[in-house]
Amino acid sequence: MSAVSLHKSKPRIAIVGAGVSGLTVAVVLAETFGKQFELTVIAEKFSPDTTSDRAGALITPWITPAEDEGVFQRDVRKWAPTTFHHFKHLHRCNSPVGNENGIFRMPIYEFHSKQCQPVSWLRALFQDYQELSKDEAKGMGLPYREFESITTFTTFLVRGTVYL
């Protein structure tokens, strides 16, 4: 004889990993959907023993040259703004005196071995995104000779020991 439950069970979601990415996804899902599902975080280690506790996280989308455009790049374009705005909101929640939640603003310089096409969605996401000329890079003391293009913007650095 078998029994059938008449109660609808909640959908279940498992998040794999308890570093900055995994726990951020878990928190955002819980805040967005409340108790509409069961959420479980599965990880080999939890804070203070994760890689993120030591390495933290740098919030920057991975960009490949235009000829490598594919599903991965379309997903990055879709998810990067959500991630960036989430950490921008958390950064604004810091007190004026310090960064209690471990979110810091950080300038980034990306060095490319081949010329990159301007990426309009990055310009929209990072208001200070720009391509540097070799003269600008030279004036800033950057290693400009061995690279075809250099881009810069300001993003967020997540200090894992504080954030987690």
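Because the structure is predicted, anything quoted here is derived from the model rather than measured.

Undergrad: Before we move on, could you go through the nonpolar core and cite the residues and values that matter?
TA: By size, the foremost hydrophobic cluster in this structure holds 20 residues, and its most contacted members are Phe87, Ile103, Trp121, Phe126, Val158 and Tyr163. Breaking this core down by element, the ones donating at least two residues are β3 (57-59), α3 (71-92), β4 (103-112), α4 (120-125) and β6 (149-158). Of all the elements, α3 adds the most residues to this core, at five residues. Residues in contact with tyrosine 163, not counting those within four places in the same chain, are Val20, Thr24, His86, Phe87, Leu90, Asn101, Gly102, Ile103 and Val158. Counting residues in hydrophobic clusters, the runner-up holds five residues, among them Leu132, Ala137, Tyr144 and Ile150.

Undergrad: Please set out the environment of phenylalanine 156 residue by residue, giving values where relevant.
TA: Inspection of the secondary structure puts phenylalanine 156 in strand β6. Exposure remark for phenylalanine 156: the relative accessible area of 1% places this residue in the buried category.

Undergrad: Tell me about the pairing of β6, residues and numbers included.
TA: By the criterion of burial, β6 is predominantly enclosed, with nine of the 10 residues buried. As judged from the three bridges shared by β3 and β6, these two strands associate in the antiparallel manner. The residue bridging leucine 58 from the neighbouring strand is leucine 157, located in β6. Relative to β6, β4 runs antiparallel, the two sharing 10 bridges. In the strand pairing of β6, tyrosine 109 is matched with threonine 152.

Undergrad: Before we move on, could you go through helix α1 (residues 20-33) and cite the residues and values that matter?
TA: Over its 14 residues, α1 runs 20 Å from end to end, which matches the ideal 20 Å to within 8%, given 1.5 Å per residue. Those residues of α1 that fall on the buried side of the exposure criterion are Val20, Gly22, Thr24, Ala26 and Leu29.

Undergrad: Any chance you could break down the packing of aromatic side chains for me, citing the residues and the numbers?
TA: Enumeration according to the criterion identifies six aromatic pairs in this entry. An aromatic cluster of three or more residues is present, and its members are Phe84, Phe126, Tyr129, Phe153 and Phe156.

Calculation notes
- Residues numbered from 1 in each chain as written.
- Predicted model: local features only at pLDDT ≥ 70, side-chain atom pairs only at ≥ 80, totals over all residues.
- Heavy atoms only, no water.
- Core = buried A, V, L, I, M, F, W, Y, C linked by side-chain atoms within 4.5 Å.
- Buried < 20%, exposed > 50% of the residue type's maximum accessible area, 1.4 Å probe, protein only.
- Helix = DSSP H or I, 4+ residues; strand = E, 2+ residues; numbered from the N terminus.
- Contact = heavy atoms within 4.5 Å.
- Pairing = 2+ DSSP bridges.
- Expected span 1.5 Å × (residues − 1).
- Phe/Tyr/Trp six-rings, centres within 6.5 Å; stacked < 30°, edge-to-face > 60°.

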